[in-house]
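A look at the structure
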Amino acid sequence: MNDILQKPRKVYVTRTIEFNAAHRLYSTELSSDENREIYGKCSNTYGHGHNYELEITVSGFVDRTTGFLLDMKELKKILEKEIMNRFDHKHLNFDVEELRDTVPSTEILAVTVWDILTTALQSYINKGITLHEVKIHETRKNSVRYLGE
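Let us look at the structure shown here. Fair warning: this is a prediction, and the values are worked out from it, not measured in the lab. (Residues numbered from 1 in each chain as written. Predicted model: local features only at pLDDT ≥ 70, side-chain atom pairs only at ≥ 80, totals over all residues. Heavy atoms only, no water.)

Things to note about the sheet that holds strand β3 (residues 90-91)
So the rule is basically this: A strand pair is defined by DSSP finding two or more bridges across the two strands. For the purposes of this entry, the term helix denotes a DSSP run of H or I that reaches at least four residues, the term strand denotes a run of E that reaches at least two, and both are numbered from the N terminus. Residue contacts are defined here by distance: any two heavy atoms, one from each residue, within 4.5 Å place the two residues in contact. Only the stretch in contact is used when a helix axis is fitted, and all axes are lines through C-alpha atoms; the angle between N-to-C directions ranges over 0 to 180 degrees.
Strand order across the open sheet formed by five strands is β3-β1-β2-β4-β5, with mixed pairing between neighbours. The open sheet has two edge strands, β3 and β5 (143-146), and neither has a second partner. Strand direction decides the pairing type here: strand β1 (residues 10-23) and β3, joined by two bridges, are parallel. When the bridges of β3 are listed, Ala22 appears paired with His91. Set on the sheet, helix α2 (residues 72-87) makes contact with β1, β2 (48-61) and β3; between it and β1 the angle comes to about 25°.

Here's the deal with the packing of aromatic side chains
Within a pair of aromatic rings, the relevant descriptors are the distance that separates the centres and the angle that separates the planes. To keep it simple, the criterion reads: Each pair of aromatic rings taken from Phe, Tyr and Trp, with Trp reduced to its six-membered ring, is defined by centres within 6.5 Å and is described as stacked if the planes are under 30 degrees apart, edge-to-face if over 60, and tilted in the remaining cases. Residue burial is assigned from relative accessible area. The probe radius is 1.4 Å, only protein chains are included, and a residue is buried under 20% of its type maximum, exposed over 50%, and partly exposed in between.
Applying the stated criterion across every chain yields a total of three aromatic pairs. Judged by centre distance (5.1 Å) and plane angle (25°), the rings of Phe19 and Tyr52 are stacked. Highlighted residues: Phe19 in strand β1 and Tyr52 in strand β2, separated in sequence by 33 residues. Neither residue differs from the other here; Phe19 and Tyr52 are each classed as buried. Following the ring pairs from residue to residue traces out a cluster consisting of Phe19, Tyr52 and Phe87.

Here we look at the side chain of Thr106
Operational definition: Definition of a polar contact: a pair of N or O atoms within 3.5 Å, with one able to donate and the other able to accept a hydrogen when the atoms are protein atoms, and with sequence-neighbouring residues admitted only if both atoms are side-chain atoms.
Structurally, the position occupied by Thr106 is in helix α4 (residues 106-124). For Thr106, a relative accessible area of 4% corresponds to the buried category. In terms of polar contacts, Thr106 uses its side chain to reach the side chain of Glu138, at 2.6 Å. If sequence neighbours within four positions are ignored, Thr106 has contacts with Tyr52, Ile136, Glu138 and Val144.

A look at the pattern of salt bridges
The condition is simple: Salt bridges are defined as contacts in which a side-chain nitrogen from Lys or Arg sits within 4 Å of a carboxyl oxygen from Asp or Glu.
Scanning the entire structure with this criterion turns up six salt bridges. Among the charged side chains, a network of salt bridges with common partners joins Glu82, Arg86 and Glu98.

Points about the nonpolar core
Counted only if it meets this: Among buried residues, those of type Ala, Val, Leu, Ile, Met, Phe, Trp, Tyr and Cys that are joined through side-chain atoms within 4.5 Å constitute a nonpolar core.
Ile83, Phe87 and Val113 are the most contacted members of the largest nonpolar core, which totals 33 residues. Elements represented by at least two residues in this core include exactly β1, β2, α2, α4, β4 (130-137) and β5. Broken down by element, the residue count for this core peaks at eight residues, all from α4. When sequence neighbours within four positions are dropped, the list of residues in contact with Val113 reads Leu54, Ile56, Ile83, Phe87, Val134 and Ile136.

Comments concerning the environment of Asn51
Counting through the fold element by element, Asn51 comes out in strand β2. Between the C-alpha atom of Asn51 and that of Asp88, which follows or precedes it by 37 residues, the distance is 9.4 Å. In contact with Asn51, not counting residues within four places along its chain, are Phe19, Asn20, His137 and Glu138.

Rendered as structure tokens:
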């Protein structure tokens with residue numbers, strides 16, 4: 001079965017999820033005026049919100065028996081536990097331990113998601129599957145990609 005897989009075939013599988021969160025872009029290393037100048041309305045005292053779209057891409061070799069890289073239900077469980085429970089409907093500055101002492105920009109969020117998922121994938125899936133890319137759309141026009149570099 002699956003004779004097309006006689007030789008190893010590396011694939012990239014992407015799952016997209018959405019979550020809503022608030023954050024305030026504000027650095028304690030800068031004055032209030034400097035924060036307003038750099039971050040503008042994004043440094044509003046009470047923060048502001050986004051409807052984030054997160055794309056997670058994993059890579060590895062297609063299993064000859066199943067015909068796929070991984071059971072997408074497993075990836076869905078990981079994302080719900082590690083990402084949705086941690087970030088959805090939270091204030092990133094206050095509710096997310098990993099982001100408390102940061103300026104929780106989308107760039108910092110992408111790196112944080114990478115670190116969380118790298119650890120989670122190692123403990124959940126032991127088939128040589130690796131995280132390839134984290135891509136976060138903050139708005140329809142702005143997104144950040146992180147490849148672990």
